[in-house]
Amino acid sequence: MAKPTSAVKVERSARMVTPVGRASYPHVITAHAFDANSEPKYSCAVLLPKNKENNAFIEKLRELRDSATAQLYPKKAPGNFEEWGIADGDEGTDPTAEGCWIVKGANKTAPAVIDTFKNPINDDDVVYGGCNVRLSICAKAYGTASKGGVTFELVAVQKVADNMPFGGAAKA
């Protein structure tokens, strides 16, 4: 007889709002699947220039991620535990991200998307790669006794201002 598998458990942290940065690959109105085998998700990354304030924010974000992990795995996380959501733009291949931290959030549920006056945004073209945004995210640790990970769940996006779209094309 097959041994039953453990159910996946999830622990979420408190929410945290990013400093203002530039949106990268925003899919916040319509969910997007990254390949034919993926489930569509809402997602957005924010590029935060590396400076004293943003470096301190990244440390707080890592603490939030560690806290969610400790809640799910109070003794020890599995050896194959994966951490997602924070990347160093200097270590990638995208020249747009050089000199920046990349913070990414994703969710199967649509995030709230608002403007600076807290009015809802419902148009895909309003939040575009390059505009200035804040993300509201929470750390989400998930897994079983043998495999798990931690990522950031996208809760809300606030468009703060227009900026030059990535790729240099003028905004339509």
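Our subject is the structure listed above.
The structure reproduced in this document is the subject of the present report. Keep in mind it's a predicted model, so treat the numbers as computed, not measured.

What counts and how
Residues numbered from 1 in each chain as written. Predicted model: local features only at pLDDT ≥ 70, side-chain atom pairs only at ≥ 80, totals over all residues. Heavy atoms only, no water. Helix = DSSP H or I, 4+ residues; strand = E, 2+ residues; numbered from the N terminus. Rg over C-alpha atoms; globule rule 2.2 N^0.38 Å. Buried < 20%, exposed > 50% of the residue type's maximum accessible area, 1.4 Å probe, protein only. Contact = heavy atoms within 4.5 Å. Areas by Shrake-Rupley, 256 points an atom, 1.4 Å probe, with all protein chains shown as cover. Lys, Arg positive; Asp, Glu negative; His and termini not counted. Charge placed at Lys NZ, Arg CZ, Asp CG, Glu CD. Expected span 1.5 Å × (residues − 1). Arc of directions from axis to C-beta. Polar contact = N/O pair within 3.5 Å; in protein donor to acceptor, adjacent residues only side chain to side chain.

Helices and strands together make up the secondary structure of the protein chain, namely 1 helix and 9 strands. Tracing the protein chain from N to C terminus, the helices and strands come up as β-β-β-α-β-β-β-β-β-β. In summary, the protein chain has a C-alpha radius of gyration of 17 Å against a globular reference of 16 Å for 172 residues, a match within 12%. Oriented by its inertia axes, the alpha-carbon framework of the protein chain measures out at about 60 × 35 × 35 Å. Looking at the protein chain as a whole, 38% of its 172 residues are labelled buried. Partitioning the intrachain contacts of the protein chain with sequence separation of at least 6 by distance along the chain shows that 72% fall at a separation of at least 24. When the accessible area of the protein chain is evaluated, it comes to approximately 10100 Å², of which 53% is carbon and sulfur surface. A distance of 7 Å separates the average location of the 21 positive side-chain charges in the protein chain from that of its 20 negative side-chain charges.

Along its 21 residues, helix 1 (residues 52-72) runs 31 Å from first to last C-alpha, staying within 8% of the 30 Å computed at 1.5 Å per residue. Considered for burial, the residues of helix 1 that qualify are N54, F57, I58, L61, L64, R65, A68, T69 and L72. The buried residues of helix 1 occupy an angular sector of 135 degrees when the element is viewed end-on, so they sit on one face. Across helix 1 from its buried face, at more than 90 degrees, point the exposed residues K52, K60 and E63. Backbone nitrogen of E53 and a side-chain oxygen of the N-cap are separated by 3.1 Å at the start of helix 1; the cap is N51.

This brings us to unusual backbone geometry. One non-glycine residue, Y25, lies in positive phi territory at about 50 degrees. Its location among the elements puts Y25 in strand 2 (residues 21-32). Relative accessible area serves as the criterion here: at 61%, Y25 is assigned to the exposed category. With phi around 65 degrees, K118 is a residue other than glycine that occupies positive phi space. Position of K118 relative to the elements: it lies in the loop between strand 7 (112-114) and strand 8 (132-143). For K118, a relative accessible area of 64% gives the class exposed.

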